[in-house]
Amino acid sequence: MTLLVSAAAIAGGLAIGLLLTALRASALSWLHLPARGLVAFLRKTPLLVQLFFWYFGAAQLLGENVVGAITGWSGITFGSWRVPAPSFEFLSAAFGVALYAGAFFSEELRAGIRAVPRGQREAALSLGFTPRAAFLRVVLPQALRVSALPLLGQCANTIKNTSLAMGIGLAELSYSARQVETDTLLAFQAFAVATVLYAGVILLLQWGAPLVLRRLGWASASAPLAGGAAA
C-alpha cells in the first residue's frame, strides 16, 4: 500500500508541479498570481492538516451520494484479472500528498528554468517559435535535465510523507506497524521493521534512479541524489 500510494502521489505530484510551473511562468497575472499563492499556501501548511481536510472536509463537501458512489465502485475486470477500486482513504491520501508534493516539485522545476540561459528562449523566439512552444520544447526540457536530481530528492520525501496517511486510516506501512505494536506490544520490533523497509525503498530509489538518469545523459557520473532528502 505504501508503494502504491507513493507511486500515485509522485506521478500526480509531477503532473501538478509541471502545471503550476507553467502557470507561474505565464506573463498573465490572473494565471501566475493564483499559482504562486497556491504553492506558498501548500508549502506553509502541514501535510497532515491538508490530509484531514481532503478526507473529512472534502467528504462533507462532496456529500454522501458522491462518496458512496466512489466507495461502492467494485473496480475493473480484465478477463480473469480484477483490479479492485481504490478506497476513499487511498484517494484522499494520494491526492493530498500529490498536491503537497506538487508545490515542492514546482519549486525545483522553477529553479531549473532559472538555470536555463535566457538566450535559449530568445533564440527559439527568433526562429519562429511561439512563446508557448519555446517554453515547452526548448526551456522545459533543459530545465528538467537540470532539476532531475533535486526532483528525485523530492520523490524520496514524498515516499516518507505517505506515512502521515495513517492519520486518515489508510492501512499503509506505518499504520500496519502501529497495528502490530497494539496487538503484540512489541513496539521496538514493529517499528524497527517499518523503519528498515522505509530505508530500503529510499536507498533503492537513491541507487537506481541516478543510474537511469546517467544512462539518459541527464546526470553526471559523480552526481549524488540531490538535497540529501533520502538521508
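See the structure above.
Here's a quick rundown of the structure. Since the model is a prediction, treat every value here as computed from it, not as a measurement. Along each chain, residue indices are assigned from 1 in the same order as the chain's sequence is written. Local features in a predicted model are, by the rule used here, given only for residues with pLDDT of at least 70; side-chain atom pairs are given and counted only at 80 or more, and totals for whole chains, interfaces and linings are based on all residues. Side-chain numbers come from the whole structure's heavy atoms, not from hydrogens or water.

Bringing the pattern of salt bridges into the picture now. Here, a salt bridge means any side-chain nitrogen of Lys or Arg that lies within 4 Å of a carboxyl oxygen of Asp or Glu. Across all of its chains, the model carries three salt bridges by this definition. Ionic pairing is found between E107 and R24, a salt bridge with its closest N-O pair at 2.7 Å. Here the residue E107 occupies a position in helix 5 (residues 88-115), and R24 occupies one in helix 1 (residues 2-24), the gap between them amounting to 83 residues. Look at E107 and you get partly exposed, because its relative accessible area is 23%. With a 1.4 Å probe rolled over the protein chains alone, any residue whose accessible area is under 20% of its type maximum counts as buried; one over 50% counts as exposed, and the rest are partly exposed. The buried category is assigned to R24, whose relative accessible area is 11%. A salt bridge links R178 to E181; the shortest N-O distance between them is 2.7 Å. Here E181 and R178 lie together in helix 9 (residues 173-184), a separation of three residues that amounts to about one turn. When its relative accessible area of 41% is taken as the criterion, R178 is described as partly exposed. A cluster of three or more residues bridged by salt bridges with shared partners is formed by R24, R43 and E107. Helix and strand labels come from DSSP, where a helix needs a run of H or I of at least four residues and a strand needs a run of E of at least two; each type is numbered from the N terminus.

The next subject is the packing of helix 9 against helix 10 (residues 187-216). For helices, the axis comes from a line fit to the C-alpha atoms of the stretch in contact; other axes are also lines fit to C-alpha atoms, and the angle between any two N-to-C directions lies between 0 and 180 degrees. At a closest axis distance of 8 Å, the pairing of helix 9 and helix 10 adopts a crossing angle of 165°. As summarised for this structure, helix 9 and helix 10 are arranged roughly antiparallel, according to the angle between their axes. Judged by the sense of rotation from one axis to the other, the crossing of helix 9 with helix 10 is right-handed. Counting all contacts with helix 9, which are made through L173, S174, A177, R178, V180 and E181, the residues of helix 10 involved are A187, A190, F191, A194, L197 and Y198. Considering only residue class, the contact of helix 9 with helix 10 consists of nine nonpolar, one polar and two charged. For this classification, under 35 degrees means roughly parallel, over 145 means roughly antiparallel, 65 to 115 means roughly perpendicular, and everything else is oblique. Take the far helix as the reference: if the near one is turned anticlockwise from it by less than a right angle, the crossing is left-handed, and if turned clockwise, right-handed. By definition in these notes, contact holds between two residues if any of their heavy atoms fall within 4.5 Å. Each residue is assigned to one class: nonpolar for Ala, Val, Leu, Ile, Met, Phe, Trp, Tyr, Cys and Pro, charged for Asp, Glu, Lys and Arg, and polar for all the others, Gly among them.

Shape descriptors only; they carry no functional weight alone.
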